[in-house]
Amino acid sequence: MARSFGFDVLACPRCAGRMTLVALIRDAAVVARILRHLHVPDAVPVMRPAREPPLPLDVDADPVWAGGG
């Protein structure tokens, strides 16, 4: 899980001691109820379209950003 989240999820944020996993909740209704109780959105956000590809670089243009001009 540390590779996925970028930090050790079983390290206590208060004392840095080790926590243990006591349950794994797989029932979607139970997860939604817990999230609502914590006032966290329980709905999956709507996918947005990807951005357009970048414009091609005009190599003949005056490179103002490179100090020319």
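Before reading further, recall that the structure is shown in the block above.
Everything numeric in this text was worked out from a predicted model, so none of it was measured. (Residues numbered from 1 in each chain as written. Predicted model: local features only at pLDDT ≥ 70, side-chain atom pairs only at ≥ 80, totals over all residues. Heavy atoms only, no water.)

A. Layout of a nonpolar patch on the surface. Residues I25, V30, V31, I34, L38 and V40 make up a contiguous nonpolar surface patch of about 440 Å² in total accessible area. Structurally, I25 can be placed in the loop between α1 (2-5) and α2 (28-37). (Patch = residues over 30% accessible without salt bridge, like charges linked within 9 Å, V, L, I, M, F, W, Y side chains within 5 Å. Areas by Shrake-Rupley, 256 points an atom, 1.4 Å probe, with all protein chains shown as cover. Salt bridge = Lys/Arg side-chain N within 4 Å of Asp/Glu carboxyl O. Helix = DSSP H or I, 4+ residues; strand = E, 2+ residues; numbered from the N terminus.)

B. Molecular detail of the pattern of salt bridges. All told, the structure shown has 2 salt bridges when counted by the stated rule. The residue R18 makes a salt bridge to D8 at a minimum N-O spacing of 2.3 Å. Taken together, the residues span a long stretch of sequence, with R18 in the loop between α1 and α2 and D8 in the loop between α1 and α2 at a distance of 10 residues. Residue classification places R18 among the exposed positions, given a relative accessible area of 56%. Overall, the relative accessible area of 36% leaves D8 in the partly exposed class. Put simply, R36 and D42 hold a salt bridge, and the shortest N to O gap is 3.0 Å. Its relative accessible area of 48% is what places R36 among the partly exposed residues. (Buried < 20%, exposed > 50% of the residue type's maximum accessible area, 1.4 Å probe, protein only.)

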